[in-house]
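Coordinates in review
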Amino acid sequence: MPTISAPVDATATPVWAELKAHHDEFVNGGFTLKEAFASDPDRVPSLTFETSDLHFDLSKNLVDQKTLELLCKLAREVGLEERRDAMFAGEHINTTEDRAVLHTALRRPESESGTLIVDGQDCVADVHEVLERMYDFANRVRTGEWRGVSGKRIEHVLSIGIGGSDLGPVMVYEALKPLADAGIDCTYVSNIDPSDMAEKVKGLDPETTLVIIVSKTFTTLETLTNAREAKAWLLKGLRDAGAIDGSAEQDAAAIRAHFVAVSTALDLVEDFGIDPENAFGFWSWVGGRYSVDSAVGLSLIIVLGPERFEEFLAGFHDLDVYFCKTPLEQNVVALMGLINVWYVNFWGMKSHAVLPYNQYLHRFPAYLQQLTMESNGKSVRWDGTPVTSDTGEIFWGEPGTNGQHAFYQLIHQGTQPIPADFIAFVNTPNPTKDGDQDVHELFLGNFLAQTKALAFGKTADEVRAEGTAEWMVPARVFEGNRPTTSIFGEALTPHALGELIALYEHITFVEGTVWGLDSYDQWGVELGKQLAKQITPAFHDDAALAEQDASTQALIAYYRAHRK
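An unreviewed UniProt entry annotates the protein chain as Glucose-6-phosphate isomerase originating from Olsenella profusa. Looking at the Sequence similarities (unreviewed entry) heading of the UniProt record, one finds this comment for the protein chain: "Belongs to the GPI family." Note on the protein chain: under the UniProt heading Function (unreviewed entry), the record states "Catalyzes the reversible isomerization of glucose-6-phosphate to fructose-6-phosphate."

1. Brief notes about the UniProt feature "active site" (unreviewed entry) in the protein chain
Look at the UniProt record and you will see "active site" (unreviewed entry) annotated at Glu 374, His 405 and Lys 529. Across 156 residues in sequence, these annotated residues place their C-alpha atoms as far as 37.0 Å from one another, rather than forming a single compact spot. Along the chain, the position of Glu 374 falls in helix α15 (residues 364–376). In terms of polar contacts, Glu 374 uses its side chain to reach the side chain of Arg 289, at 3.0 Å.

2. Some thoughts on the state of the cysteines
Tallied over the full model, the rule gives zero disulfides. In this model Cys 72 remains outside any disulfide bridge; the closest cysteine sulfur is found in Cys 324, 16 Å from its own. We note that Cys 123 lacks a disulfide partner, and the nearest cysteine sulfur, in Cys 324, lies 15 Å from it.

3. Focus: a negative patch on the surface
A grouping of Glu 110, Glu 132, Asp 136 and Glu 310 is seen on the molecular surface, where their side chains present a negatively charged patch. Along the polypeptide, Glu 132 turns up in helix α6 (residues 123–143).

4. Description of the pairing of strand β10 (residues 351–357)
For β10, the tally of buried residues reaches seven of seven residues, placing the bulk of the element in the interior. Of the two faces of β10, the one carrying Ser 351, Ala 353, Leu 355 and Tyr 357 and the one carrying His 352, Val 354 and Pro 356 are both buried. Where β10 and strand β11 (residues 394–396) come together, three bridges link them in parallel fashion. The residue bridging Ser 351 from the neighbouring strand is Ile 394, located in β11. Traced from β10 through α15 to β11, the parallel crossover comes out right-handed. Across five bridges, β10 lies against strand β12 (residues 420–425) in parallel orientation. Pairing of Pro 356 across the sheet is with Ile 423, part of β12.

5. A word on the packing of helix α9 (residues 221–240) against helix α10 (residues 248–258)
Two numbers describe how α9 lies on α10: the axes approach to 11 Å, and their chain directions differ by 115°. The interaxial crossing formed by α9 with α10 has right-handed handedness. Along its contact with α9, which presents Lys 231, Leu 234, Leu 235, Leu 238 and Arg 239, the element α10 presents Asp 251, Ala 254, Ile 255 and His 258. The residue inventory of the contact of α9 with α10, partitioned by class, reads five nonpolar, one polar and three charged.

6. Details of the packing of aromatic side chains
Describing an aromatic ring pair means giving the distance of the ring centres and the angle of the ring planes. Enumeration over the complete set of coordinates arrives at 27 aromatic pairs. Summarising the aromatic geometry, the rings of Tyr 357 and Phe 422 are spaced 5.8 Å apart at their centres and angled 25° between planes, so their arrangement reads as stacked. In this pair, Tyr 357 is assigned in strand β10 and Phe 422 in strand β12, connecting sequence segments 65 residues apart. Neither residue differs from the other here; Tyr 357 and Phe 422 are each classed as buried. Ring geometry for Phe 364 versus Tyr 367: centroids 6.3 Å apart, planes at 20°, classification stacked. In this pair, Phe 364 and Tyr 367 both sit in helix α15, three residues apart, roughly one turn of the helix. This pair shows no difference in class: Phe 364 is buried, exactly as Tyr 367 is. If you follow Arg 83 out to its NZ or CZ, it ends over the ring of Trp 382, 3.7 Å from the centre. Stacked on the ring of Phe 323, the Lys or Arg Arg 84 has its end atom at 5.8 Å from the ring centre.

7. Remarks on the nonpolar core
Nonpolar side chains in soluble globular proteins tend to be buried together. By size, the foremost hydrophobic cluster in this structure holds 127 residues, and its most contacted members are Trp 285, Ile 302, Phe 364, Leu 497, Ile 501 and Tyr 504. Residues contacting Leu 497, with those up to four places away along its chain left out, are Met 171, Val 172, Ala 175, Leu 176, Phe 312, Leu 361 and Leu 492. In this structure, Ile 160, Ile 244, Phe 259 and Phe 272 belong to the second largest nonpolar core, which totals 25 residues.

8. What about the pattern of salt bridges?
All chains considered together, the criterion is met by 29 salt bridges. In this structure, the salt-bridge partner of Arg 142 is Asp 181, at a minimum N-O distance of 2.8 Å. Here Arg 142, found in helix α6, pairs with Asp 181, found in the loop between α7 (164–175) and β6 (185–189); they are 39 residues apart in sequence, far enough to count as distant. Given a relative accessible area of 17%, Arg 142 falls into the buried group. Asp 461 is paired through a salt bridge with Arg 464; the nearest N and O atoms lie 2.9 Å apart. Of the two residues, Asp 461 and Arg 464 both sit in helix α18 (residues 460–465), three residues apart, roughly one turn of that helix.

9. Focus on helix α4 (residues 65–77)
With 13 residues, α4 extends 18 Å from end C-alpha to end C-alpha; this agrees with the ideal 18 Å at 1.5 Å per step. Taken residue by residue, α4 has Thr 67, Leu 68, Leu 70, Leu 71, Cys 72, Leu 74 and Ala 75 as its buried positions. On its buried side, α4 packs onto α1 (14–28), α5 (80–89), α14 (332–346) and α19 (494–515). Measuring from the backbone nitrogen of Lys 66 back to the side-chain oxygen at the start of α4 gives 3.1 Å, which picks out Asp 64 as the cap. Gly 79 sits one or two residues past α4 and shows a positive phi near 75°.

10. Regarding unusual backbone geometry
Residue Gly 400 is joined to Thr 401 through a cis peptide bond whose omega torsion reads 5°. Even without being glycine, Asp 119 reaches a positive phi, approximately 50°. The exposed category is assigned to Asp 119, whose relative accessible area is 58%. In this model, Asn 481 sits at a positive phi of 65°, which is unusual for a non-glycine residue. Here Asn 481 shows up in the loop between α18 and β15 (484–489).

11. Re the environment of Ala 295
Structurally, Ala 295 can be placed in the loop between β9 (279–280) and α12 (298–304). For the pair Ala 295 and Ser 165, spaced 130 residues apart in sequence, the C-alpha to C-alpha distance is 9.6 Å. Leaving out residues up to four positions away in the same chain, Ala 295 has contacts with Val 130, Met 134, Val 262, Phe 280 and Gly 281.

Rules behind the numbers
- Residues numbered from 1 in each chain as written.
- Predicted model: local features only at pLDDT ≥ 70, side-chain atom pairs only at ≥ 80, totals over all residues.
- Heavy atoms only, no water.
- UniProt positions renumbered as here; feature names shortened; annotations may be inferred.
- Helix = DSSP H or I, 4+ residues; strand = E, 2+ residues; numbered from the N terminus.
- Polar contact = N/O pair within 3.5 Å; in protein donor to acceptor, adjacent residues only side chain to side chain.
- Disulfide = S-S within 2.5 Å.
- Patch = residues over 30% accessible without salt bridge, like charges linked within 9 Å, V, L, I, M, F, W, Y side chains within 5 Å.
- Areas by Shrake-Rupley, 256 points an atom, 1.4 Å probe, with all protein chains shown as cover.
- Salt bridge = Lys/Arg side-chain N within 4 Å of Asp/Glu carboxyl O.
- Lys, Arg positive; Asp, Glu negative; His and termini not counted.
- Charge placed at Lys NZ, Arg CZ, Asp CG, Glu CD.
- Buried < 20%, exposed > 50% of the residue type's maximum accessible area, 1.4 Å probe, protein only.
- Pairing = 2+ DSSP bridges.
- Right-handed = clockwise from strand over helix to strand, strands pointing away.
- Axes fitted to C-alpha atoms, helices over the stretch in contact; angles between N-to-C directions.
- Left-handed = near helix turned anticlockwise from the far one by under 90°.
- Contact = heavy atoms within 4.5 Å.
- Nonpolar A, V, L, I, M, F, W, Y, C, P; charged D, E, K, R; others polar.
- Phe/Tyr/Trp six-rings, centres within 6.5 Å; stacked < 30°, edge-to-face > 60°.
- Lys NZ or Arg CZ within 6 Å of the ring centre and 35° of its normal.
- Core = buried A, V, L, I, M, F, W, Y, C linked by side-chain atoms within 4.5 Å.
- Expected span 1.5 Å × (residues − 1).

Written out as structure tokens, the structure reads:
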């Protein structure tokens, strides 16, 4: 067992008590954002921050300068800066798996080779060796040098993975779709439900489809089940088209021409029929939900091109450098994480909305659900002791303006305040006019209006002044004081998206450090997987059925009675 130092118990520090007292002052003193803005003309500039591509306005949060001072003091009490530096240096901060946590090495420039030696390996050199192989392969596909078994160019990529091997690439593909320039589209399959595969392959031509199987161990149940389904679909389609004759030799040639892998299990890759030369690996120090900028992003390199992927990596790296080099009091990444702790532990706010006012980011909230909740959904600390405070937040969201017509009612007038991050970009790749109205400006008007309404609300007197009947006034009052953060960018470029993802990676790290969590393991997903393997035989095996609990037995009985 490795030597593991105990995390600092944040709740036992003097500053935790100071924050409690400070929160009481907010509540008892009737703090309102309306009064805070009126009394402090410097509030907006003092709570505005910039990174390379992103502009942040934290002024509509339930904080003042004293709040931030206390939160930064808390960060130093728990050793945030030291743990951040240990992570970037490759120390084994993933204690339960005794691993380094080095997703940040995935985006370090090649010029930094030799500067990060971990467990005897030059991590940056290793990363760039794989990147160069991926870039070479992607260029062969993009130029048409790599062709299917019948000689046709690749026009479709079918990427098969699950969890971080799917959510990240899907999100980035959708976000940067306007930049896809090689005449190649991408479809992602993750769910073991046969309907997912059935629907996703509709309209795909096996002769022009390249399948990428993304599984580090090449043993993931869902991914390998779907991979076998994809193999059967592709071979049948090629036979039906007369591209192969169904012989074992031609089947094998077809698999080599149409399948590649993102995996380090080269023996299993070869057993599947894929040439190990066409397998691209990543490392134990990369968690799945932190892996989109690794070989997991192979589909993105094919569709977008190596140059844009390099821009994407540069966005991550620039944010990494900012997070490491900027003092806490001016560090928007650290402050956003600490403010989340402020809401969870002192205000009792348990969920967090992420609301992108950009349709291309429609999968970003789903991506963040795994990143944040798989990382910090823990009830024990990194040394195995129980947590001493509430941990984690329920992250959720939907693009504006769709969400405005769905769940914003709860955010505006519900009894449980929900902090929300609003994300938008000044420019759109699809400028449109509705008569004289710029539609994107109409869209951004909603982005700005929502944070204003949530912050400042609408009083009973303002409602009465509109001529509203007295009995209806309470229903039309907005109390305001609902906290939001605004994130604005010039355009949704690969660089900006890299910054945005790294932002939330490090916010998650900040929260986990305060709570004393190992944010990089995910043992909570294991039990269900184990039980599924035990339960599945019970659909047909009475002996296996007898071993199940009464509820499971009854549900399987229902299945047996109604299976067609």
